[in-house]
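Chains, contacts and geometry: an overview
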Amino acid sequence: MDGNGRWAKQKGLIRAVGHENGTKSVRQTVEAAAELGIENLTLYAFSTENWNRPKLEVDTLMRLLVSSLKKEIKTLHDNNIKLKAIGNLETLPKKVLKELREVIESTKNNNRTTLTLALSYGSRAEILNVVKEISVKVKNNIISAENIDESIINEHLYTRNLPDVDLLIRTSGEQRISNFLLWQIAYAELFFTKVLWPDFTKQHFCDAIIEYQNRERRFGKTSEQIS
Ligand code: FPP
């Protein structure tokens, strides 16, 4: 969800207003995903690197998270959406963590779409964590080194209950991954749009899905093998 800052700057507004308007695009996208019956939507809301932003901006984002969680719980229930979160959640302010846990608990039986917020998330940190956890298990003879395979790695990622990513959308014209789900996007289709996140609407989301549907996913095979 990139481009909140630039959106605000273009309008002569402070960055916080960009983030505030970004929450409207969050709602539109989440509703569209539920309407389309998309089982999983993961939003990169705050990276480990985002902690290095000015304190005022970090505080604004945390405040927006708390207010959005409070405000949108009804939207989540109305659309049968289950909330989850991935990342180094313990580093979040207590208020955010409390609200997040409450909404996760309250929506745990919803089953149309799972909305996962990546918060204080960094893919390298996630992978590092996996390596450490598996190493300890090998040391304690819970896993043997020869048996380590992709499924064991999957089971130790924050995303252990989520499938691999099919489609990754990045807004604002940037064409990079920025430490997001590096293992999980191995075969994802990448979609880059110049639209700034606060301008991103349901229609833009549908356009991305239509483009995705027209891609041929070969997973290393030939076109003939797929058809
Ligand atoms: C990137 O734009 C956006 C973020 C770092 C934060 C995303 C947060 C929201 C959309 C609002 C709260 C989220 C939820 C889930 C309710 P940027 O600030 O890097 O923009 P720039 O690249 O133009 O400076």
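The following paragraphs examine the structure supplied in this document.

Criteria and thresholds
Residues numbered from 1 in each chain as written. Predicted model: local features only at pLDDT ≥ 70, side-chain atom pairs only at ≥ 80, totals over all residues. Heavy atoms only, no water. Patch = residues over 30% accessible without salt bridge, like charges linked within 9 Å, V, L, I, M, F, W, Y side chains within 5 Å. Areas by Shrake-Rupley, 256 points an atom, 1.4 Å probe, with all protein chains shown as cover. Salt bridge = Lys/Arg side-chain N within 4 Å of Asp/Glu carboxyl O. Helix = DSSP H or I, 4+ residues; strand = E, 2+ residues; numbered from the N terminus. Buried < 20%, exposed > 50% of the residue type's maximum accessible area, 1.4 Å probe, protein only. Pairing = 2+ DSSP bridges. Axes fitted to C-alpha atoms, helices over the stretch in contact; angles between N-to-C directions. Contact = heavy atoms within 4.5 Å. Parallel < 35°, antiparallel > 145°, perpendicular 65-115°, else oblique. Nonpolar A, V, L, I, M, F, W, Y, C, P; charged D, E, K, R; others polar.

To continue, consider a nonpolar patch on the surface. Residues Ile 127, Val 131 and Leu 182 make up a contiguous nonpolar surface patch of about 210 Å² in total accessible area. For Leu 182, the position within the fold is in the loop between strand E4 (167-170) and strand E5 (189-192). Residue Leu 182 is classed as partly exposed on the basis of its relative accessible area, which comes to 35%.

On to the sheet that holds strand E2 (residues 81-86). One open sheet accounts for 3 strands, arranged E1-E3-E2; its pairing is parallel. Looking at which strands have only one partner, the edges of the open sheet turn out to be strand E1 (40-47) and E2. Within the sheet, the average angular offset between the axes of one strand and its neighbour, ignoring direction, is 20°. Bridge analysis of E1 against strand E3 (residues 113-121) gives 7 bridges, and the strand direction is parallel. Bridge pairing in E3 links Leu 43 to Leu 117. Against the sheet, helix H4 (residues 94-106) touches E2 and E3, its axis set at about 140° to E2.

In the contact formed by helix H3 (residues 55-78) and H4, the axes pass within 9 Å of each other and the chain directions differ by 10°. Taken together, H3 and H4 sit at an angle that is classed as roughly parallel. Each of Met 62, Leu 65, Val 66, Leu 69, Lys 70, Ile 73, Leu 76 and His 77 in H3 lies in contact with H4, whose residues at this interface are Lys 95, Val 96, Glu 99, Leu 100, Val 103 and Ser 106. Class assignment for the residues of the contact of H3 with H4 results in 9 nonpolar, 2 polar and 3 charged.

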